[in-house]
Amino acid sequence: MLREELLKLQQKEIELIRLKTKKKELETEKKKLEREASKIERKIECAKNKLEEKKNELKELKNFIKYKQERIEELKKQKESARSREEFKKILRAIAKNEDDIIKTRQQITGVETEIEALKDAYSKVKNQFEPDLNRIHERIEELEKEATIYERKIENVLRKIEETKSSVPEEELNKFEQLKAKFSGLVFSDISTGACEGCGITYSSVEFKELLSKLKAGQSKCPYCGRFIYNKNER
């Protein structure tokens, strides 16, 4: 014989398993979405980085031209104070070399600017393609976090009720209940409201079922096939 509080305890423990399972499902879905979001973010970030790298290259080229222009101005001043014909020619060659560097660099700039426009277009396409999906994923992650918080509170509430129920049952009976749980795979009390034992799955004959219901006493009546304590949830 088992007291009815242990049936309530079993129901709460089953509810706890259900809640923990659901919370784990939410966490699994969240992790999957986070991986998807990370993958999309990397694609967008990659396109952005390529654009930024090319912009930095353009900036460096423009700075190089500025440096060369300043160098030419310095050489022109030096040319005015040249002490010999040879020094004058050397300065002219240096000026010509810097001017040639500027021409070549401007040609490079034209090519880089073309690449930047192409990269801007590519970056825009990637953002337009993936950002709506990314936003939906982040919204779903936020929903999952809220749901998980709700389930966590429910779990805490059920755990509290489990402890309250356990505290109302003598330790000896709790130990017996735990032994039966191990024997019956966690289901000590089995509902027979459908005409079959919830635990072993055997369907009773109509005569057998009627007799079981007529003599049914929670915590006392047992399934004739598996030995679990039986009850009818529709009468509770």
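Everything below is about the structure shown above.
Residues numbered from 1 in each chain as written. Predicted model: local features only at pLDDT ≥ 70, side-chain atom pairs only at ≥ 80, totals over all residues. Heavy atoms only, no water.

Below, the discussion takes up the overall build of the protein. Check the secondary structure of the protein and you find four helices and two strands. Listed by position from the N terminus, the elements making up the protein come as α-α-α-β-α-β. For a compact globule of 236 residues, the expected C-alpha radius of gyration is about 18 Å, and the protein comes in at 40 Å, more than 25% above that figure. Overall, the C-alpha framework of the protein stretches about 125 × 35 × 25 Å when taken along its three principal axes. For the protein, the accessible area works out to roughly 16000 Å², and carbon and sulfur atoms hold 48% of it. Of the charged side chains in the protein, 56 are positive and 48 negative, and the gap between their average positions amounts to 3 Å. (Helix = DSSP H or I, 4+ residues; strand = E, 2+ residues; numbered from the N terminus. Rg over C-alpha atoms; globule rule 2.2 N^0.38 Å. Areas by Shrake-Rupley, 256 points an atom, 1.4 Å probe, with all protein chains shown as cover. Lys, Arg positive; Asp, Glu negative; His and termini not counted. Charge placed at Lys NZ, Arg CZ, Asp CG, Glu CD.)

For the rest of this paragraph, the subject is helix 3 (residues 171–183). Its 13 residues place the ends of helix 3 19 Å apart at the C-alpha level, agreeing with the 18 Å of an ideal helix rising 1.5 Å per residue. In this structure, the buried side of helix 3 is in contact with helix 1 (4–80), helix 2 (85–167), strand 1 (189–191) and strand 2 (229–231). Just past helix 3, the residue S185 takes up positive phi, approximately 55°. (Expected span 1.5 Å × (residues − 1). Contact = heavy atoms within 4.5 Å.)

This brings us to the packing of helix 1 against helix 3. Interaxial distance between helix 1 and helix 3 falls to 12 Å at its minimum, and their mutual angle equals 50°. Taken together, the axes of helix 1 and helix 3 are oblique relative to one another. Once helix 1 is placed against helix 3, the crossing between them reads as right-handed. Contacts from L6, L9, Q10 and E13 in helix 1 reach E173, L174, F177, E178 and K181 in helix 3. Residues belonging to the contact of helix 1 with helix 3 are distributed by class as follows: four nonpolar, one polar and four charged. (Axes fitted to C-alpha atoms, helices over the stretch in contact; angles between N-to-C directions. Parallel < 35°, antiparallel > 145°, perpendicular 65-115°, else oblique. Left-handed = near helix turned anticlockwise from the far one by under 90°. Nonpolar A, V, L, I, M, F, W, Y, C, P; charged D, E, K, R; others polar.)

Below, the discussion takes up the side chain of D191. Structurally, D191 is set in strand 1. Buried charged residue D191 carries no salt bridge. Nearest counter-charge: K233, at 4.2 Å. In this structure the side chain of D191 is engaged in a polar contact, spanning 3.0 Å, whose partner is the backbone nitrogen of K233. Contact partners of D191, with chain neighbours within four places excluded, come to A196, C197, E198, Y231, N232 and K233. (Buried < 20%, exposed > 50% of the residue type's maximum accessible area, 1.4 Å probe, protein only. Salt bridge = Lys/Arg side-chain N within 4 Å of Asp/Glu carboxyl O. Polar contact = N/O pair within 3.5 Å; in protein donor to acceptor, adjacent residues only side chain to side chain.)

The next thing to look at is the environment of K217. Tracing the backbone through its elements, the reader meets K217 in the loop between helix 4 (206–214) and strand 2. As a C-alpha pair, K217 and E86 span 131 residues in sequence and 121 Å in three-dimensional space.

So, on to the packing of aromatic side chains. Applying the stated criterion across every chain yields a total of three aromatic pairs. Ring plane angle 35° and centroid distance 6.5 Å describe the contact between F177 and F189, whose orientation is recorded as tilted. Of this pair, F177 sits in helix 3 while F189 sits in strand 1, and the two are twelve residues apart along the sequence. Relative accessible area serves as the criterion here: at 0%, F177 is assigned to the buried category. Owing to a relative accessible area of 1%, F189 belongs among the buried residues under this scheme. Aromatic pair F189 and F229: ring centres 5.9 Å apart, planes at 40°, arrangement tilted. Here F189, found in strand 1, pairs with F229, found in strand 2; they are 40 residues apart in sequence, far enough to count as distant. No difference in accessibility class separates F189 from F229, as the two residues are buried. Among the aromatic residues, ring-to-ring pairing joins F177, F189 and F229 into one connected group. (Phe/Tyr/Trp six-rings, centres within 6.5 Å; stacked < 30°, edge-to-face > 60°.)

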